[in-house]
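Each chain is listed here by its residues.
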Amino acid sequence: MNLWKRMTRKPDLAATLKADDLLTRSLTTRDLIALGIGAVIGTGIFILPGTVAATTSGPAITIAFILAAIVCSLAAMCYAEFASALPVAGSAYAYGNIVFGQVFGWIIGWALILEYMLAVAAVSTSFSAYFASLLTGFHIHLPAAIAGPFSPSHGTYVNLIAVLVVLLIGVMLSRGIQSSMAINRLMVLVKLLIILIFVIVGFFYVQPANWHPYLPFGAKGVLAGAAMVFFAYLGFDAVSASAPEVKQPQHTLPRGIIGTLIIATILYVLVAIVLTGMVPFTKLDVADPVAYALGAVHLRGLGGFISVGALAGMFTMMVTMIYSSSRLIYAIGRDGLLPRWFGHISGHLPENALWTVVTIIAIMGGLVPLNQLVNLVNIGTLIAFAFVSIGIIPLRRHKAITNEGFHVPGYPVTPIVSFLFCLLLMTQLSVETWLMSLAWFAFGLIIYFSYGIRHGHVSEAKIR
């Protein structure tokens, strides 16, 4: 066996495109932006602007969000070019598989599996906590036995709401992409409406004096804040996973990815401006800064709306991530790196991949304490970002791949800068995060060398 040759061969893209043709192309730019906003704008928009302003940036948190968006846009443009040139399922996994080789594609895919599943499992538990709090307002109290992860010593056995919401999303996605996207768009609209209500109402309580001093922590504080809020934008990459189900993907996918980032930036900045204008930034280092600000101006009645917005935000995030992770598992199974059962299409949907993902996430969210694992989401994302960024260079040099759609401006400087920034952010993660991620990747490589390397496609690329 020539191991190096196997690791550097590229997949048969013609066969990949043919397999993906079994999926229905029905998604529009509007659907993709709804998917992207669903993933990027979650409960963080009600928390992050306040806590980062209080501890790191002050009122200049608005500049920090803009700087983070500019840096994030570098990776977003790289994703947009890949999505335009290679409209296949699998997002960064598929891109890495094609331009770097099979083993690198597997590493990226394994990182994304970690990102998507952990993120949804963690958010499902947060959704459960918010929902239980909302029920408490109606004097409904859930028994402790069904309100937490499996921990008999603490009297909890399963987080039932976390399990049920994941199963509900699974049922929704299994009924077809068009009906799922209609529900997702509705939930995104609810979330955006509630955010805009806060911005509009809160604007009338803004006191410009609260914005002084504007740079209490100096320029260093703004840069530190930008590094912290960078992670608020993670999730737009999930849009590219929908490539085989998108109408005119060469044009629609770049619009969806970049449009998501622009809208998310505007919303984050608006919330930050109003929040820091309503109360002094020094008072915002609390668990619920938006609710605190509303209470400070005697608008506690809007707190219920914020809770609904938070629930809608978490729900749409889970829809996007479950959808994307199911397409990722489908793509890996399609290429033979996991059993081909995962790559089976039934009724224009990857049902096997979808229900595998839903089952695993429901078990994790319902039974497993995830507090120490959530940081792994960031490292999985940054690894994918780094590979996609630097991958633009071999993509441009790949003679068999033509791209009549979006191209990254400022090539090759832009992808190189994006790659370097991803590496910089990875160095800021804790040692514990690195050790846990190394264990995850070691486990993944065991699977690859024991199964994937023998069953994956290794023929030379034949571009259709």
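Shown above is the structure to which this text applies.
Residues numbered from 1 in each chain as written. Predicted model: local features only at pLDDT ≥ 70, side-chain atom pairs only at ≥ 80, totals over all residues. Heavy atoms only, no water.

Caption draft 1: Geometry of the packing of aromatic side chains. Across all of its chains, the model carries 24 aromatic pairs by this definition. Centroid distance Phe65 to Tyr268: 4.9 Å. Interplanar angle 10°. Geometry classified as stacked. Of this pair, Phe65 sits in helix H5 (residues 61-85) while Tyr268 sits in helix H11 (residues 249-278), and the two are 203 residues apart along the sequence. Here Phe65 matches Tyr268 in class, with each residue buried. The ring of Tyr411 has Arg396 lying over it, and the distance from NZ or CZ to the ring centre is 4.2 Å. (Phe/Tyr/Trp six-rings, centres within 6.5 Å; stacked < 30°, edge-to-face > 60°. Helix = DSSP H or I, 4+ residues; strand = E, 2+ residues; numbered from the N terminus. Buried < 20%, exposed > 50% of the residue type's maximum accessible area, 1.4 Å probe, protein only. Lys NZ or Arg CZ within 6 Å of the ring centre and 35° of its normal.)

Caption draft 2: Seen up close, unusual backbone geometry. Cis geometry marks the peptide bond from His212 to Pro213, where omega comes out at -5°. Note that the residue after Tyr411, namely Pro412, is joined by a cis bond; omega there is 0°. Along the chain, the position of Pro412 falls in the loop between helix H15 (376-397) and helix H16 (413-427). For Gln248, which is not a glycine, the phi torsion comes out positive at approximately 45°. By the secondary structure assignment, Gln248 is in the loop between helix H10 (218-229) and H11. Residue classification places Gln248 among the exposed residues on the basis of a relative accessible area of 59%. Phi at His298 is positive, roughly 65°, even though this residue is not glycine. Turning to its location among the elements, His298 is positioned in the loop between helix H12 (289-296) and helix H13 (303-334). Residue classification places His298 among the exposed positions, given a relative accessible area of 72%.

Caption draft 3: Representation of the pattern of salt bridges. For the coordinates displayed, the defined rule picks out four salt bridges. Between Arg327 and Glu245 there is a salt bridge, with the nearest N and O atoms lying 2.9 Å from each other. A residue pair is termed long-range when its members are at least 10 positions apart, and Arg327 in helix H13 and Glu245 in the loop between H10 and H11 qualify at 82 residues. By relative accessible area, Arg327 is classed as buried at 2%. We note a salt bridge from Asp335 to Arg334, for which the minimum N-O separation is 3.0 Å. Each member of the pair Asp335 and Arg334 is classed as buried. (Salt bridge = Lys/Arg side-chain N within 4 Å of Asp/Glu carboxyl O.)

So yeah, pure geometry; function would need other evidence.
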